[in-house]
Amino acid sequence: MRLPNQRHLFDLPEGLTWLNCAYMSPQSHAVTEAGREAVARKARPWQVRPEDFFTESEALRRLFASLVEADAEGVALVPSVSYGMAVAAANVPVRVGQRLLVLAEEFPSNVYPWRELAERSGGQVVTVRRPPDGDWTRAVLAELDERAALVALPHCHWTDGSLVDLERVGARAREVGAALAVDATQSLGALPLSVERVRPDFLVTAGYKWMMGPYSLGYLYVAPRWRGGRPLEHNWLTRAGSEDFARLVDYRDDFQPGARRFDVGERSNFALVPMALAALRQLTSWGVADIQETVGVLTARLSAGARALGLEVAPEGLRAGHLMGLRNPGGYPPDMPAKLAARRVFVSVRGDSLRVSPHLYNTEADVDRLLEELDTFA
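The rules behind the values
Residues numbered from 1 in each chain as written. Predicted model: local features only at pLDDT ≥ 70, side-chain atom pairs only at ≥ 80, totals over all residues. Heavy atoms only, no water. Salt bridge = Lys/Arg side-chain N within 4 Å of Asp/Glu carboxyl O. Helix = DSSP H or I, 4+ residues; strand = E, 2+ residues; numbered from the N terminus. Buried < 20%, exposed > 50% of the residue type's maximum accessible area, 1.4 Å probe, protein only. Phe/Tyr/Trp six-rings, centres within 6.5 Å; stacked < 30°, edge-to-face > 60°. Lys NZ or Arg CZ within 6 Å of the ring centre and 35° of its normal. Pairing = 2+ DSSP bridges. Axes fitted to C-alpha atoms, helices over the stretch in contact; angles between N-to-C directions. Arc of directions from axis to C-beta. Contact = heavy atoms within 4.5 Å. Polar contact = N/O pair within 3.5 Å; in protein donor to acceptor, adjacent residues only side chain to side chain.

Peer 1: Can you help me understand the pattern of salt bridges in this one?
Peer 2: Close approach of charged atoms lets side chains of opposite charge pair. Taken as a whole and judged by the stated rule, the model has 30 salt bridges. Of the charged contacts, one joins R327 and D352 as a salt bridge, the two residues approaching to 2.9 Å between their closest N and O atoms. Of this pair, R327 sits in strand 9 (residues 324-327) while D352 sits in the loop between strand 11 (348-350) and strand 12 (353-356), and the two are 25 residues apart along the sequence. For R327, a relative accessible area of 16% translates into the label buried.

Below you can see the structure in the form of structure tokens.
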């Protein structure tokens, strides 16, 4: 494996097998300590200076940008994927009859905004059916033509880790004049993604899964052409000159530069931002490519074992290395996750897949333990 096991950095009790990072990552000791210090700081508000409303959030903006090979001017701090997609939906023009493409069984936060946009614009949401061969890229490209105003995609499907080649789709979207909105929640932090290469119009991710950070703080990348667009809200921090608290009564129509106009109100969150900074520093230290390679060893072992049990797994070249769906032709009992949890083995069921999502705190022994448990249900 590329990286050594990192379990010692997390509060994971002996005998507990957490193969569920796609649900929520455990918090590292460093992130927890950053949170403790941040909460204690709020008890002494005289220690919070005016410049602190800007410095740490700007550091977080830069750190996220470096992770995705983007410019920091294109990064906004948002609370959720739904917020980021709502920003996109508020700015992408859709004419009557134009198509908005989404994947079948996509996560709801990347479906509901487009339904609402279609309803108010006269557009049409078109669902790309799950391809029998697992090749989502081919299926999307077959539907993506001049009729499309937008294509909204993940990097890998949230139920089973099956991949979408965002570079190919992005190139085709530009050819036909469609915007590309990416929900990278189930990939970013564990699977390399370059904004420079993909060139999405909008890319958003939650911060509490593979980004290893706190809940309710996420990231939105906005391409240059949209940075002068309409924000969802009008908070004081996003306006030009907001650093001068004495002059806030001199109302300004102009905004802070770049994508900062899309920041959520109170984006300086003095508890969550330090935690997110600690998480991104740790990810940067590990290296996302090395995370993918290391965890991929575990999912390769899982794939072989699952197939031996008669379970179906997406082909290796068409799935991510950090997230895998195991399909049982006969289906799973509704209480399957609860029964596994009772044995201190944690996974999720999403759609018709048993979703398994290891990280650097897992070992081959964890994979073997899950396979042993699944064998008892076979």
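Peer 1: Honestly, the packing of aromatic side chains in this entry has me stumped. Any pointers?
Peer 2: Given two aromatic rings, their pairing is described by the distance between the two centres and the angle made by the two planes. Enumeration according to the criterion identifies 12 aromatic pairs in this entry. Seen in terms of ring centroids, F53 and F245 are 5.5 Å apart; in terms of plane orientation they differ by 70 degrees. Their pairing is edge-to-face. You can see F53 sitting in helix 2 (residues 52-67) and its partner F245 sitting in the loop between strand 8 (218-222) and helix 8 (272-286), a full 192 residues away along the chain. A relative accessible area of 31% places F245 in the partly exposed class. With a centroid separation of 4.6 Å and 5 degrees between ring planes, the pair formed by F64 and Y219 is classed as stacked. Taken together, the residues span a long stretch of sequence, with F64 in helix 2 and Y219 in strand 8 at a distance of 155 residues. No difference in accessibility class separates F64 from Y219, as the two residues are buried. Ring-pair connections join several aromatic residues into one group, and the members of that group are F53, W236, F245 and F270. Above the ring of F255, the side-chain terminus of R239 is found at 4.2 Å from the ring centroid.

Peer 1: Looking at this structure, how should I read the environment of A22?
Peer 2: The topology assignment puts A22 in the loop between strand 1 (17-18) and helix 1 (29-42). As a C-alpha pair, A22 and W226 span 204 residues in sequence and 30 Å in three-dimensional space.

Peer 1: In this structure, what is going on with the sheet that holds strand 5 (residues 148-154)? I would like to understand it.
Peer 2: Note on sheets: strands pair through backbone hydrogen bonds, and any given pair is parallel or antiparallel. Pairing in this open sheet of seven strands is mixed, and the strands run 2-8-7-6-5-3-4 from one edge to the other. Each of the sheet's edge strands pairs with one partner strand only, and the pair in question is strand 2 (75-78) and strand 4 (124-128). Here the strands of the sheet are splayed against their neighbours by 20 degrees on average, with no regard to which way each runs. The sheet contact formed by strand 2 and strand 8 spans four bridges and is antiparallel. Bridged to L77 within strand 8 is Y219.

Peer 1: Teacher, can you tell me more about helix 6 (residues 166-176) here?
Peer 2: The α-helix winds at 3.6 residues per turn, so residues separated by three or four positions along the chain end up facing the same way. Taken together, the buried positions of helix 6 are L166, V169, G170, A173 and V176. End-on, the buried residues of helix 6 take up no more than an arc of 130 degrees, which puts them together on one face. On its buried side, helix 6 packs onto helix 5 (136-143), strand 5, strand 6 (179-183) and helix 7 (195-198). For helix 6, the N-terminal capping position is held by D165, with its side-chain oxygen 3.2 Å away from the main-chain nitrogen of E167. Taken from the residues just after helix 6, G177 is the one with a positive phi, measuring 80 degrees.

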